[in-house]
Amino acid sequence: LELGREHGARDRICKCKHYALFITASILHILRNNVISSSGYLSGCILVKPIYRYVVVMGGSGSKHQRKSTKRHAKGSPLPGTAYGSEPPRSGGAAVDLLQVKINVSDLKDGQMCEVEFEGIEERALLIRQDGRLHAVGSKCTHYGAPLVKGCLGNGRVRCPWHGACFNISTGDIEDFPGIDSLQKFEVSEVEDGKFGVVTASRKALAASRRVKEMCPLVLNEDNRTFFIVGGGPASVICAETLRQEGFKGRIVIATKENVLPYDRPKLSKALHLTAEEIQLRPPSFYHDNNIEVLLEKEATKVDIDAHTLTFADGSSLHYSALVVATGGKPRTLPIPGFDLKKVFLLREPYQANNIASSAAGKKVVIIGTSFIGLEVAAYLADKAESVTCVDVCDIPFGRILGNRVGLAIQKVGVAAATPILTMESLQLVSMGGSFK
């Protein structure tokens, strides 16, 4: 009992009928200092030493889960464990909150992946075997939540099946974008001559599903340099974060001409009602905590590369040690009469998306362009506007980007099939008492 208290065992553990199992296993672990497997009454009990506390995982070698075939590994189906560990002992009132699962990995071949389920929680881990080693990371892409088990496993990396974000399977770090967060990394070990694997994960890490790399603090007395970034998109945020992650301790400043913090712009065409706050890449506290300054409504107008100064539209200027220009692109406008009329909209910023959403409700909408953004807007407005019509220079959607064969296939399904597409040879917008022709 004293040993149990020393390891932070709660009263409920000591009172349960298996309290002797916990204490005996703890003694054996201390004596042998490795994973143990015992027989008789302790048959099927293994003791694993995770990062913070000792956890006993129950489940005999004759468990019904172990007897199940694991041929579904290659398809990435969920793989139940032989047993689930409950919350580990607590110490000082703080919950360690670790979960463990023991699974049969004998049929998981090199170069294969599968998802691992934990009891009492929806989130899963992605288990990977490569070059004879097991790795466990978060199961969903940190960009838009795609299941990585359906992605592509390369040399030490797994790539998202949707947009191609790439993650290191050893560390969980993101190595290619889109997306800005890394995967959670979980502890995994092989026992019983490699027949079984034990995955250890905290409930908090599983629920969070993503992770931000550790960053260094600002130390002005040590580094007086100023790294200036012009632009308020993902490239600017990633640049600032990477500087901190790689040890830059000087001043970092992001300047954007918009009046909102950097946001995930591609979401605008998919959900026009979203506000800038709802699609922020990072909350305000993130920039404060990592000493990254963000200047809003600060439009840069001139750069003096000899003097290392940047001038803004309000007449102010700032000296920099290094400069990154990441202003992004802007929508192409049409050189046609009527393009400046009130009910003609461009889509780039959140307020423009919100204006489109509110103005299009119950109205006849014309969208110029039949590529990704145009058809995403059409999909959003399909059940909100009276009608939606697309206009383009070619009569096949995505024809210029993906080719006519793919474009024709897309045109037969979904929104593309339900949306009239007109070929634009010449176009003129004319206001007629509040409506357009």
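Here is what the cut-offs are and how they apply
Residues numbered from 1 in each chain as written. Predicted model: local features only at pLDDT ≥ 70, side-chain atom pairs only at ≥ 80, totals over all residues. Heavy atoms only, no water. Helix = DSSP H or I, 4+ residues; strand = E, 2+ residues; numbered from the N terminus. Buried < 20%, exposed > 50% of the residue type's maximum accessible area, 1.4 Å probe, protein only. Contact = heavy atoms within 4.5 Å. Areas by Shrake-Rupley, 256 points an atom, 1.4 Å probe, with all protein chains shown as cover. Pairing = 2+ DSSP bridges. Axes fitted to C-alpha atoms, helices over the stretch in contact; angles between N-to-C directions. Salt bridge = Lys/Arg side-chain N within 4 Å of Asp/Glu carboxyl O. Phe/Tyr/Trp six-rings, centres within 6.5 Å; stacked < 30°, edge-to-face > 60°. Lys NZ or Arg CZ within 6 Å of the ring centre and 35° of its normal. Patch = residues over 30% accessible without salt bridge, like charges linked within 9 Å, V, L, I, M, F, W, Y side chains within 5 Å. Core = buried A, V, L, I, M, F, W, Y, C linked by side-chain atoms within 4.5 Å. Polar contact = N/O pair within 3.5 Å; in protein donor to acceptor, adjacent residues only side chain to side chain. Expected span 1.5 Å × (residues − 1). pLDDT = per-residue confidence, 0-100.

**Section: the overall build of the protein chain**
Within the protein chain, the regular secondary structure consists of 12 helices and 29 strands. Buried positions account for 44% of the 437 residues belonging to the protein chain. A sequence separation of at least 24 residues applies to 54% of the contacts in the protein chain between residues at least 6 apart. Accessible surface for the protein chain amounts to roughly 23400 Å². Of this, 52% is attributable to carbon and sulfur atoms.

**Some details on the sheet that holds strand 26 (residues 387–392)**
If you trace the 3 strands from one edge of the open sheet to the other, you get 25-26-27, paired in parallel fashion. Single-partner strands in this sheet number two, and they are strand 25 (364–368) and strand 27 (421–423). Between one strand axis and the next, the sheet turns through 25° on average, direction left out of account. Strand direction decides the pairing type here: strand 25 and strand 26, joined by 5 bridges, are parallel. Bridge pairing in strand 26 places K364 opposite S387.

**Looking at the pairing of strand 7 (residues 112–118)**
Burial runs high along strand 7: 6 of the 7 residues are buried. Strand direction decides the pairing type here: strand 7 and strand 8 (residues 121–130), joined by 7 bridges, are antiparallel. Counterpart to V116 in the pairing with strand 8 is A125. As consecutive antiparallel partners, strand 7 and strand 8 are separated by 2 residues, and within that stretch G120 has a phi angle of approximately 80°, a positive value.

**Quick word on the pattern of salt bridges**
Scanning the model with the defined rule gives 20 salt bridges in all. One salt bridge connects R124 with E115, and the closest N-O pair in it is separated by 2.7 Å. The class for E115 is buried, based on a relative accessible area of 8%. One salt bridge connects K270 with E376, and the closest N-O pair in it is separated by 3.4 Å. Here K270 is found in the loop between strand 19 (251–255) and helix 7 (284–289), whereas its partner E376 is found in helix 9 (residues 372–381), with 106 residues between them in sequence. You can call K270 partly exposed: its relative accessible area is 38%.

**Notes on the packing of aromatic side chains**
In total, this model carries 4 aromatic pairs according to the counting rule given. Between F228 and F312 the ring centres are 5.9 Å apart and the planes differ by 50°, which places this aromatic pair in the tilted class. With a gap of 84 residues between them, F228 in strand 18 (residues 226–230) and F312 in strand 22 (residues 309–312) connect regions that are remote in the sequence. F312 carries the same exposure label as F228, and that label is buried. Ring geometry for F286 versus Y287: centroids 5.7 Å apart, planes at 85°, classification edge-to-face. Note on F286: relative accessible area 11%, which makes it buried. The class of Y287 is buried, set by a relative accessible area of 5%. Above the ring of F286, the side-chain terminus of R282 is found at 4.8 Å from the ring centroid. Here the basic side chain of K384 rests over the ring of Y380, its NZ or CZ set 4.0 Å away from the ring centre.

**Regarding a nonpolar patch on the surface**
Together, F372, I373, I401, L402 and V406 make up an exposed nonpolar region whose accessible area comes to about 450 Å². Broken down by secondary-structure element, the contributors of at least two residues to the nonpolar patch are helix 9 and helix 10 (399–402). The residue I373 is located in helix 9 in this model.

**Digging into the nonpolar core**
The biggest cluster of nonpolar side chains holds 24 residues, and the ones touching the most others in it are L272, V365, I367, L381, V388 and C390. Among residues more than four places away in sequence, those in contact with V365 are A360, L381, A385, S387, V388 and T389. L99, F118, A201 and A205 belong to the second-largest nonpolar core, a separate cluster that totals 19 residues.

**Brief notes about the side chain of K298**
Locating K298 in the fold gives a position in the loop between strand 20 (292–295) and strand 21 (300–304). The buried category is assigned to K298, whose relative accessible area is 19%. At a separation of 3.0 Å, a polar atom in the side chain of K298 contacts the side chain of S316. Those residues in contact with K298, other than ones at most four positions away along the chain, are A255, T256, K257, F312, D314 and S316.

**Considering helix 6 (residues 234–245)**
With 12 residues, helix 6 extends 16 Å from end C-alpha to end C-alpha; this agrees with the ideal 16 Å at 1.5 Å per step. At its buried positions, helix 6 is contacted by strand 18, strand 19, helix 7, strand 20 and strand 24 (322–325). Looking at the residues trailing helix 6, positive phi occurs at G247, about 100°.

**What about the sheet that holds strand 19?**
Taken together, 4 strands build an open sheet; the order of strands is 20-19-18-24 and the sheet is parallel. Looking along the sheet, the strands with just one partner apiece sit at the ends: strand 20 and strand 24. Here the strands of the sheet are splayed against their neighbours by 20° on average, with no regard to which way each runs. Taken together, the 5 bridges between strand 18 and strand 19 define a ladder with parallel strand orientation. Note on strand 19: the bridge partner recorded for T226 is R251.

**As for the confidence of the model for the protein chain**
For the protein chain, the average pLDDT comes to 79, and 75% of its residues sit at 70 or higher. Every residue in residues 1–95 scores below 50 in pLDDT, and together they form 166 contacts with partners more than four places removed in sequence or on other chains.

**What about unusual backbone geometry?**
With an omega of 15°, the peptide bond running from F177 to P178 counts as cis. Here P178 lies in the loop between strand 13 (174–176) and strand 14 (182–183). At E192, a position not held by glycine, the phi torsion is positive, near 55°. Inspection of the secondary structure assignment puts E192 in the loop between strand 15 (185–191) and strand 16 (196–202). Backbone geometry places H308, a non-glycine residue, at a positive phi of 55°. Summarising the element assignment, H308 is placed in the loop between strand 21 and strand 22. What makes H308 partly exposed here is its relative accessible area of 29%.

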